[in-house]
Amino acid sequence: MALRYALLALLTSRPMTGYDVSKQFSQSVAHVWHAPDSQIYPELNRMERDGLLESSVVPWGKKGTKKEYAVTEAGVKAFREWMDSPIEIRRQREPAYLKAAYLEWAEPGAARAELEQFRDYWTEHLAMLEATRATLVDRSHPTLASRLEHYDAAQWDRIVRYKIFAYDGLIDQARAAIAWAERGLVLVDELEGSTVD
């Protein structure tokens with residue numbers, strides 16, 4: 001259900017076609033809520049059916065058309081209600097931690113490879129998050145720039161700082177994951193060759 005609110009959050013910046021939603025989603029909202037196109041397009045249709053979005057046909061290319069989605073008053077109301085409701089805390093479901101708890105079953109080389117893969121993923125992800133944060137700070141991020149156009153300049157600092165705050169949390173999480181994997185690699189080296197009864 002959170003995908004619905006992630007899409008509403010994105011569409012509060014401006015009306016967009018499904019293609020634009022997908023493209024902007026991958027460059028912004030997907031950093032905090034991942035969803036493939038196969039989930040985005042059907043959810044846009046459900047949201048329109050539920051009255052949270054309305055669509056209009058807009059020209060696309062030389063002869064084509066596309067649907068452009070805009071948030072309705074009911075969509076704004078639903079988004080505000082969701083924003084004002086308590087967060088649903090979800091329990092952890094990360095395979096790397098599950099596997100780490102049972103690394104005694106893995107060959108040392110396999111354990112090391114898994115931890116290196118985890119570390120490398122988060123290192124790459126961290127670089128992307130830091131680059132995105134920089135575009136928020138300098139206000140060059142396209143989704144943010146579009147959003148700011150719809151607000152009085154007196155609100156811009158507030159809007160930007162909340163976005164940066166979210167990315168700071170993601171950056172902290174990525175750094176913690178990298179540090180954890182590094183500690184795991186040291187542990188594998190330390191315990192390599194030992195056996196468990």
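Keep in mind that this is a model prediction, so the values were computed, not measured. (Residues numbered from 1 in each chain as written. Predicted model: local features only at pLDDT ≥ 70, side-chain atom pairs only at ≥ 80, totals over all residues. Heavy atoms only, no water.)

## A closer look at the nonpolar core
- Core analysis: the largest hydrophobic core is formed by 23 residues, its most contacted members being F118, W122, L129, L144 and W180.
- Those elements giving two or more residues to this core turn out to be helix 6 (108-137), helix 7 (142-148) and helix 8 (153-191).
- Looking at which element gives the most residues to this core, the answer is helix 8, with 13 residues.
- Each residue touching W122, except ones within four places of it in the same chain, is listed here: A174, A177 and I178.
- Among the nonpolar cores identified, the runner-up in size contains 21 residues, and L7, F25, V29 and A78 belong to it. (Core = buried A, V, L, I, M, F, W, Y, C linked by side-chain atoms within 4.5 Å. Buried < 20%, exposed > 50% of the residue type's maximum accessible area, 1.4 Å probe, protein only. Helix = DSSP H or I, 4+ residues; strand = E, 2+ residues; numbered from the N terminus. Contact = heavy atoms within 4.5 Å.)

## Some words on the pairing of strand 3 (residues 64-71)
- Relative to strand 3, strand 1 (residues 16-17) runs antiparallel, the two being bridged by two bridges. Bridging from a neighbouring strand, M16 pairs with Y69 of strand 3.
- Both strand 2 (residues 53-60) and strand 3 contribute to a ladder of eight bridges, which runs antiparallel. Looking at the pairing, V57 lines up with K67 of strand 3. (Pairing = 2+ DSSP bridges.)

## Considering the packing of aromatic side chains
- Applying the stated rule across the entire model yields eight aromatic pairs.
- Between Y19 and W60 the ring centres are 5.9 Å apart and the planes differ by 65°, which places this aromatic pair in the edge-to-face class. In this pair, Y19 is assigned in helix 2 (residues 18-27) and W60 in strand 2, connecting sequence segments 41 residues apart.
- Under the relative-accessibility criterion, Y19 is labelled partly exposed at 41%.
- Overall, W60 belongs to the partly exposed group, its relative accessible area being 35%.
- Between Y97 and F118, the ring centres sit 6.0 Å apart and the planes meet at 65°, which makes this aromatic pair edge-to-face. Of this pair, Y97 sits in helix 5 (residues 95-100) while F118 sits in helix 6, and the two are 21 residues apart along the sequence.
- Among the aromatic residues, those joined into a cluster by ring pairs are Y97, F118, Y121, W122 and W180. (Phe/Tyr/Trp six-rings, centres within 6.5 Å; stacked < 30°, edge-to-face > 60°.)

## With respect to the domain arrangement of the chain
- On domain assignment, one finds that the chain holds domain 1 (2-84) and domain 2 (95-192).
- Between domain 1 and domain 2, the contact holds 10 residues from the first and 11 residues from the second.
- For the pairing of domain 1 and domain 2, the buried interface totals around 870 Å² over both sides, and the portion due to carbon and sulfur atoms is 50%.
- Seen at the junction of domain 1 and domain 2, the total is zero salt bridges.
- Run the count over domain 1 and domain 2 and you get five residue pairs in polar contact (both at pLDDT 80 or more).
- Secondary structure elements with two or more residues in the side of domain 1 that touches domain 2: helix 1 (2-11) and helix 2.
- Residues of the side of domain 1 that touches domain 2, tallied by class, amount to three nonpolar, six polar and one charged. (Domains from an automatic or database assignment. Buried area = accessible area lost by both parts, 1.4 Å probe. Salt bridge = Lys/Arg side-chain N within 4 Å of Asp/Glu carboxyl O. Polar contact = N/O pair within 3.5 Å; in protein donor to acceptor, adjacent residues only side chain to side chain. Nonpolar A, V, L, I, M, F, W, Y, C, P; charged D, E, K, R; others polar.)

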